[in-house]
Amino acid sequence: MTTSKTYTVNFPVPAHIAMIMDGNGRWARERGLERAAGHVEGVNTVRRVTEAASQLGIKYLTLYAFSTENWNRPREEVNILMHLIVTAIERETPDLIKNNVRLSVIGDYSRVPADTMTRLNQCVADTAHCTGLNLILAISYSSRWEIVEASRRLAVLAVEGKITPESIDADILEKQLATTGIPDPDILIRTGGDMRVSNFLLWQIAYTELFVTQTYWPDFDGDQLVDIIKQFNTRQRRFGLTGEQAEALNNTSSRPSS
Ligand code: IPE
Ligand code: IPE
Ligand code: MG
């Protein structure tokens, strides 16, 4: 991670930012390049944004790198993406450690080639001691997969008599999600202009503030991230309350329960 710019701000930053890194293909096509060239350039953005988030003091950055549905892309593109993801992570691991960034991965590992998974797990283990930014990569991830998995685990626990069906509530379900222990995202950013969430963190973004940039992922940078955080700070998060209640709550900085 070596970029010249250093990001420090004199306003509060949120704990968790999630990003749908979209638009690599269009970025490349508009330049008369193969889609893969957009993915290669997109890796540079991951480095820039991770570095900016780390410098800004953000605690969690979740990046949607590859969806369950992306397995249906042409085999060649899937192979390129898997190769790029694992080689980029391996290349960046020393800098992640230097910057105190802890890597984790969420997703359906059963579909990821075993050697790719072994290499990813190695990078996760190598950064396990880091205490700064938590970088969470969603690979072979989809929210519906995650919620189905969670439901299955709850069913097993019920069959084993460890929980009763009546005891299942939002907290118990949340404990079975891949993201358990991670606070819900404060901000979700999608690059590339499309106004949809494409099966990403559906449970977790219940009250997340949404931002869509026209910029394609390869053109996204730390300045745009800072700009979005500034806009976020001007929004009133009401969590279903009235504006007045939310204002009062803001002063005590707690959050209503469901
Ligand atoms: C995002 O860019 C990368 C992945 C989904 C893996 P796309 O490849 O989806 O780019 P567009 O949306 O086709 O431009
Ligand atoms: C979302 O982008 C998935 C990732 C960024 C990894 P897609 O390009 O797959 O989403 P759709 O197909 O436009 O909804
Ligand atoms: Mg896309």
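What this report covers is the structure whose coordinates are included nearby. Bear in mind the structure is a predicted one, so any value in this text is a computation, not a measurement.

1. Considering the environment of L120
Line of reasoning, step 1. Note that L120 resides in helix α4 (residues 114-126).
Line of reasoning, step 2. Classification of L120 by relative accessible area gives buried; the value is 2%.
Line of reasoning, step 3. Separated by 34 residues in the primary sequence, L120 and V86 place their C-alpha atoms 6.4 Å from one another.
Line of reasoning, step 4. Apart from the residues within four sequence positions on either side, L120 is in contact with I85, V86, I89 and I139.

2. Regarding the packing of aromatic side chains
Line of reasoning, step 1. Applying the stated rule across the entire model yields 7 aromatic pairs.
Line of reasoning, step 2. A centroid spacing of 6.0 Å and a plane angle of 80° characterise the contact between Y64 and Y141, whose relative ring orientation is edge-to-face. Of the two residues, Y64 sits in strand β2 (residues 60-67) while Y141 sits in strand β4 (residues 134-141), which places them 77 residues apart along the sequence. The exposure classification of Y64 matches that of Y141, with both residues buried.
Line of reasoning, step 3. For the pair W217 and F220, a centre-to-centre distance of 5.7 Å together with 10° between the ring planes defines the contact as stacked.
Line of reasoning, step 4. Given a relative accessible area of 1%, W217 falls into the buried group.

3. Overview of the site of ligand 1
Line of reasoning, step 1. Around ligand 1, the surrounding shell consists of M21, D22, G23, N24, G25, R26, R35, H39, A65, N70, R73 and L81.
Line of reasoning, step 2. The backbone of R26 places a nitrogen or oxygen atom 2.7 Å from an oxygen atom of ligand 1.
Line of reasoning, step 3. Contact distances for ligand 1 include 2.8 Å between an oxygen atom and a side-chain N or O atom of R35.
Line of reasoning, step 4. A total of 380 Å² of accessible area belongs to ligand 1 in isolation, and the protein chains cover 87% of it.
Line of reasoning, step 5. Where the shell around ligand 1 is concerned, the elements lending two or more residues are α1 (24-29) and α2 (35-56).
Line of reasoning, step 6. Of the residues forming the shell around ligand 1, the biggest block, 3 residues, is contributed by α1.
Line of reasoning, step 7. Of the residues that constitute the shell around ligand 1, the class distribution is 3 nonpolar, 5 polar and 4 charged.

4. Things to note about the site of ligand 2
Line of reasoning, step 1. Every residue close to ligand 2 is listed here: I20, M21, D22, Y64, A65, F66, S67, N70, R73, R190, R196 and S198.
Line of reasoning, step 2. One of the side-chain nitrogen or oxygen atoms of N70 is found 2.9 Å away from an oxygen atom of ligand 2.
Line of reasoning, step 3. S198 places a side-chain nitrogen or oxygen 2.6 Å from an oxygen atom of ligand 2.
Line of reasoning, step 4. Against a free-state accessible area of 390 Å², the protein chains account for coverage of 78% of ligand 2.
Line of reasoning, step 5. Ranked by residues supplied to the shell around ligand 2, first place goes to β2 with 4 residues.
Line of reasoning, step 6. Each residue belonging to the shell around ligand 2 can be placed in one class, and the counts come to 5 nonpolar, 3 polar and 4 charged.

Cut-offs used in this document
- Residues numbered from 1 in each chain as written.
- Chains lettered and ligands numbered in written order.
- Predicted model: local features only at pLDDT ≥ 70, side-chain atom pairs only at ≥ 80, totals over all residues.
- Heavy atoms only, no water.
- Helix = DSSP H or I, 4+ residues; strand = E, 2+ residues; numbered from the N terminus.
- Buried < 20%, exposed > 50% of the residue type's maximum accessible area, 1.4 Å probe, protein only.
- Contact = heavy atoms within 4.5 Å.
- Phe/Tyr/Trp six-rings, centres within 6.5 Å; stacked < 30°, edge-to-face > 60°.
- Near = heavy atom within 4 Å.
- Polar contact = N/O pair within 3.5 Å; in protein donor to acceptor, adjacent residues only side chain to side chain.
- Areas by Shrake-Rupley, 256 points an atom, 1.4 Å probe, with all protein chains shown as cover.
- Nonpolar A, V, L, I, M, F, W, Y, C, P; charged D, E, K, R; others polar.

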